[in-house]
Each structure stands twice: as C-alpha cells, then as structure tokens.
Amino acid sequence: MYQKFKTLYLHHFKLVFALNFALSLYFVNLFYLKGFDKAGLYQLAIGFKLLAYAATVVIEKLVFSRRIYYYYNLGIGYRKILGLFFAMDLGIFVSFLILCALWINFI
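What this report covers is the structure whose coordinates are included nearby. (Residues numbered from 1 in each chain as written. Predicted model: local features only at pLDDT ≥ 70, side-chain atom pairs only at ≥ 80, totals over all residues. Heavy atoms only, no water.)

## Thoughts on the pattern of salt bridges
Side chains carrying opposite charge are able to pair once their charged atoms draw close together. As a reminder of what qualifies: Salt bridges are counted wherever a side-chain nitrogen of Lys or Arg sits within 4 Å of a carboxyl oxygen of Asp or Glu. The way it works is that DSSP assigns letters per residue, a run of H or I at least four long becomes a helix, a run of E at least two long becomes a strand, and they are numbered from the N terminus. For every residue, the accessible area (1.4 Å probe, protein chains only) is compared with the maximum for its type, and the residue is labelled buried under 20%, exposed over 50%, or partly exposed between those bounds.
According to the stated counting rule, one finds two salt bridges in the structure shown. The shortest N-O distance in the salt bridge between K49 and D89 comes to 2.7 Å. Of this pair, K49 sits in helix α3 (residues 39-62) while D89 is found in helix α5 (residues 78-106), placing the two residues 40 residues apart along the sequence. The buried category is assigned to K49, whose relative accessible area is 3%.

Dropping the structure here:
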C-alpha cells in the first residue's frame, strides 16, 4: 500500500505539493518575521491553507478528472488519497511552525 501512495504522490501530485509547500514556507516566514503572538496571522494562515486545499480539489475534479479511473484501478479511494495528502501537508506546516518557534525561543 505504501508503494502505491508513493508512486501516486510522486507522479500525480508534484505540482500541487510544491504549491502547498511554498504556501507553508511563506507563512512560516511571516510567523518568523512578525512573531507568534498575532492571532490574525493564524487566521490568515488557516484561511489560505483551506483555500489551497479547495483549489486542489477543484483542480483535480475539473482538470484531471481522467485520472480518477487510475486511482480506482489501484484500489484506493479518492477521498483517502486527498485526505492523506492534506494531512501530510498540514503536518509538515505545523512541524515547520513548531521548529521555527523553537528556533526563535532557544537560539
């Protein structure tokens, strides 16, 4: 199962992962520059991440709808693929925020 997801993400989701990763790095940079005590910045980051996830779903549904049959032939559901992708992206974003906060506070 891991090999299927690895192949799928490395071949089909490179662009979307790069865009979401760049957005994560941008917001980590904003947190680094502005500080972690701004509540509006958290709201902005969450809003933009949700917008990026919605754009990912729209792009996959409208532009790459032919690939859905490939996913089903692999035996993997579409919701599982995107759910795991969003969970990984959110995990990377939160990890970067924690590392950045530790960097600022202890170094």
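So, next bit.
## Focus: α3
Selection rule: By this rule the span expected of a helix is its residue count minus one, scaled by 1.5 Å. Residue contacts are counted whenever heavy atoms from the two residues lie within 4.5 Å of one another.
Across its 24 residues, α3 extends 35 Å between first and last C-alpha, which sits within 8% of the 34 Å expected from 1.5 Å per residue. All of the buried residues in α3 are L41, A45, K49, A52, Y53, T56 and E60. Buried residues along α3 sit in contact with α2 (14-34), α4 (68-74) and α5.

## Quick look at the nonpolar core
The condition that has to hold: To define a nonpolar core, start from buried Ala, Val, Leu, Ile, Met, Phe, Trp, Tyr and Cys residues and group those joined through side-chain atoms within 4.5 Å.
In this structure, Y9, F13, Y71, I81 and F85 are the most contacted members of the largest nonpolar core, which totals 14 residues. Counting residues per element, the ones that place at least two in this core are α1 (2-12), α4 and α5. Ranked by residues supplied to this core, first place goes to α5 with five residues. Grouped together as the second largest cluster of nonpolar side chains are eleven residues, F27, L30, L41 and L97 included.

## Quick word on the side chain of T56
Worth spelling out the cut-off: Polar contact criterion, stated in full: a pair of N or O atoms within 3.5 Å, where within protein one must be able to donate a hydrogen and the other to accept it, and residues adjacent in sequence count only if both atoms are side-chain atoms.
Mapped onto the elements of the fold, T56 is located in helix α3. Of note is the side chain of T56, whose polar atom sits 2.8 Å from the backbone oxygen of A52. With residues near it in sequence (within four places) discarded, T56 still touches V16, N20, L82, F85 and F86.

The values reported here are purely geometric and, on their own, carry no functional implication.
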